[in-house]
Amino acid sequence: MVFFICLKVVLGEDEAVEDVEYMKKALQLAALARGYTTPNPVVGCVIVKDGKIVGTGYHQKAGTPHAEVWALEEAGDAAAGATVYVTLEPCAHYGRTPPCARTLVKHEVSKVVIAMLDPNPLVAGKGAAILRQAGIAVEVGLLSQEAAYLNEVFIKNMLTQMPFIAIKLAQSLDGCIATKTGHSQWITNTWSRQQGHYLRSIYDGIVVGINTVLADNPLLTCRIKREGGKAPHQPVRIILDSQGRTPCTSLVVTDKTAQTIIVTTQRCAQERREALEKAGVRVLVAPMQDGKRVDLAKALTLLYQEGIRSLLVEGGSTIHGSFFDAQLFDKVHVFLGNSVIGGTQALHAVAGEGVMNLSECVPLVYQSVEIHDNNVYIQAYNQRREADYVHWNR
């Protein structure tokens, strides 16, 4: 595994404070595009001249102008001699848009401060090299960890050619998602549920199992507005259904707000596949594991080939257990309500086979723990994951 190193920059105290604030602004702009830019990264850019911001921009959608282009357009003639703060190394290759590194050279900026280098092999230091060869001062590494966090999906994609997997758990303090009677509304509060919808808006796909579809008939769409009143990105609904039992009358089939993919196996009868496809569902046939279940690793490869670069696994408990048992996850989002359900017959958030010894547990690295309206929100990473963003500035 190859990791790019973000070089640290030595700055004067006053200059460092100003540079940090400008880069924070660029990161805030980049965050506005989370969920909208697949398969591209999210990027923000701020242009400063004589202590004033003269241009800002962010990459809004794949195929549209990059962050630097928007910022340069706003800056106009003021870009000449200015300092550019950008969250990701300017691109060096021709894709659907021209290379931003050469555009910056054309506008005669004097300095470019880059949060992190680009893991894309087509860039990977080439953008910074173009700038330096043109006599432009380049500094790399300012707020690199924050920048890598924003682009953790893109980093994983570039390094492994596999989707980024996030598991969402919404549970009671003792890890239950329903009482022994199946009652579950509501274990978490309004803030947690709203944040859950935000998560749906930033990942490419949302994963549930057939049991969730049969029991709850969920819609699985994002039902919040993003900042500025923007319509949210709708995740592709992905149903793990080894026998093709998804009813053609279920909401994931009849509702056309978002696309639906059913991942099944050879256990699904041909007539069922044809009925689902006729109803507008994309059906993928994955190999079986243990002769009965969808092979998760192979399914993830199929989904990546379909253009799915990130997944939010929402359950239920059997699906959660499958991902944890296979250690196929990068991140967990945990929402803890302020109740204890108890009881041996209550439904727990994670089923599956589990581990025999504690040493077999996947070690987690906590990123953040927050309290919102008496609910706890935890973000943590699989310490063993290949594309751990922490390694990006070590």
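Note that the structure is predicted; figures quoted are calculated from it, not measured.

The secondary structure content of the protein chain amounts to 12 helices and 18 strands. In summary, the protein chain has a C-alpha radius of gyration of 23 Å against a globular reference of 21 Å for 394 residues, a match within 12%. Projected onto its principal axes, the C-alpha positions of the protein chain cover 65 × 45 × 40 Å. Taken across its 394 residues, the protein chain has 52% of its residues classed as buried. Nonlocal contacts in the protein chain, meaning residues at least 24 apart in sequence, comprise 71% of its contacts between residues at least 6 apart. For the protein chain, the accessible surface area stands at approximately 18,000 Å², while carbon and sulfur atoms represent 52% of it. Computed over 38 positive and 38 negative side-chain charges, the inter-centroid distance for the protein chain is 7 Å.

Now for unusual backbone geometry. Residue proline 39 is bonded to the preceding threonine 38 through a cis peptide linkage, with omega at 5°. Relative to the helices and strands, proline 39 resides in the loop between α1 (13-31) and β1 (44-49). The omega torsion of the bond from glutamine 185 to tryptophan 186 falls at -5°, within 30 degrees of zero and hence cis. Looking at the secondary structure, you find tryptophan 186 in the loop between β7 (176-178) and α7 (190-202). If you check the backbone angles, aspartate 50 has positive phi at about 55° while not being a glycine. Positionally, aspartate 50 belongs in the loop between β1 and β2 (52-58).

This brings us to α7. When the terminal C-alpha atoms of α7 are compared, their 19 Å separation across 13 residues agrees well with the 18 Å that a helix rising 1.5 Å per residue should span. When α7 is considered as a whole, its buried residues turn out to be Ser192, Gln195, Gly196, His197, Leu199, Arg200, Ser201 and Ile202. Its side-chain oxygen at 3.2 Å from the backbone nitrogen of tryptophan 191, asparagine 189 defines the N-terminal cap of α7.

Hydrogen bonds between backbone groups are what pair the strands of a sheet, and the pairing can be parallel or antiparallel. One open sheet accounts for 9 strands, arranged β11-β10-β9-β8-β14-β6-β15-β18-β17; its pairing is mixed. Edge positions in the open sheet fall to β11 (282-285) and β17 (364-372), since each of these has one partner strand only. On average, each strand axis in the sheet is inclined to that of its neighbour by 20°, with strand direction left out of account. In this structure, strand β10 (residues 260-264) lies alongside β11, joined through 4 bridges in parallel fashion.

A separate point is the packing of aromatic side chains. Taken as a whole, this structure holds 6 aromatic pairs when the rule is applied. When the centroid spacing of 6.4 Å and the interplanar angle of 55° are considered together, the rings of tryptophan 191 and phenylalanine 335 count as tilted. Of the two residues, tryptophan 191 sits in helix α7 while phenylalanine 335 sits in strand β15 (residues 331-336), which places them 144 residues apart along the sequence. For tryptophan 191, a relative accessible area of 23% puts it in the partly exposed group. Linked through ring pairs, Trp191, Phe335 and Tyr377 together constitute an aromatic cluster. One cation-aromatic arrangement involves arginine 193 over tryptophan 186; the distance from NZ or CZ to the ring centre is 4.3 Å. Stacked on the ring of tyrosine 304, the Lys or Arg arginine 309 has its end atom at 3.8 Å from the ring centre.

Across the protein chain, the average pLDDT comes to 90, with 93% of residues at or above 70. Throughout residues 1-14 the model reports pLDDT below 50, and contacts reaching past four residues in sequence, or to other chains, amount to 34 contacts. Long-range and interchain partners of residues 387-394, a stretch whose pLDDT sits below 50, account for 26 contacts in this model, where long-range means more than four residues apart.

For the rest of this paragraph, the subject is the domain arrangement of the protein chain. By domain assignment, the protein chain separates into domain 1 (13-153) and domain 2 (161-382). The C-alpha-based centres of domain 1 and domain 2 are spaced at 34 Å. Each partner contributes to the interface: domain 1 provides 12 residues, whereas domain 2 provides 18 residues. Summed over both partners, the interface of domain 1 with domain 2 buries about 1,200 Å², with 47% contributed by carbon and sulfur atoms. Contact with domain 2 buries area across many residues of domain 1, yet Arg34, Tyr36 and Val153 alone supply 43% of it, more than any other trio. Counting every contact that joins domain 1 to domain 2 gives 1 salt bridge. Of the charged contacts in the structure, one is a salt bridge between lysine 331 and glutamate 152, with a shortest N-O distance of 3.0 Å. Counting every contact that joins domain 1 to domain 2 gives 7 residue pairs in polar contact (both at pLDDT 80 or more). Of the residues belonging to the side of domain 1 that touches domain 2, the class tally is 8 nonpolar, 2 polar and 2 charged.

Checked against the element boundaries, threonine 37 lands in the loop between α1 and β1. The buried category is assigned to threonine 37, whose relative accessible area is 3%. Engagement of the side chain of threonine 37 in a polar contact is seen with the backbone oxygen of proline 41, the distance being 3.4 Å. For threonine 37, the residues in contact, after removing those within four places along its chain, are Val42, His59, Gln60, Lys61 and Ala62.

Each value, and the rule that gives it
Residues numbered from 1 in each chain as written. Predicted model: local features only at pLDDT ≥ 70, side-chain atom pairs only at ≥ 80, totals over all residues. Heavy atoms only, no water. Helix = DSSP H or I, 4+ residues; strand = E, 2+ residues; numbered from the N terminus. Rg over C-alpha atoms; globule rule 2.2 N^0.38 Å. Buried < 20%, exposed > 50% of the residue type's maximum accessible area, 1.4 Å probe, protein only. Contact = heavy atoms within 4.5 Å. Areas by Shrake-Rupley, 256 points an atom, 1.4 Å probe, with all protein chains shown as cover. Lys, Arg positive; Asp, Glu negative; His and termini not counted. Charge placed at Lys NZ, Arg CZ, Asp CG, Glu CD. Expected span 1.5 Å × (residues − 1). Polar contact = N/O pair within 3.5 Å; in protein donor to acceptor, adjacent residues only side chain to side chain. Pairing = 2+ DSSP bridges. Axes fitted to C-alpha atoms, helices over the stretch in contact; angles between N-to-C directions. Phe/Tyr/Trp six-rings, centres within 6.5 Å; stacked < 30°, edge-to-face > 60°. Lys NZ or Arg CZ within 6 Å of the ring centre and 35° of its normal. pLDDT = per-residue confidence, 0-100. Domains from an automatic or database assignment. Buried area = accessible area lost by both parts, 1.4 Å probe. Salt bridge = Lys/Arg side-chain N within 4 Å of Asp/Glu carboxyl O. Nonpolar A, V, L, I, M, F, W, Y, C, P; charged D, E, K, R; others polar.

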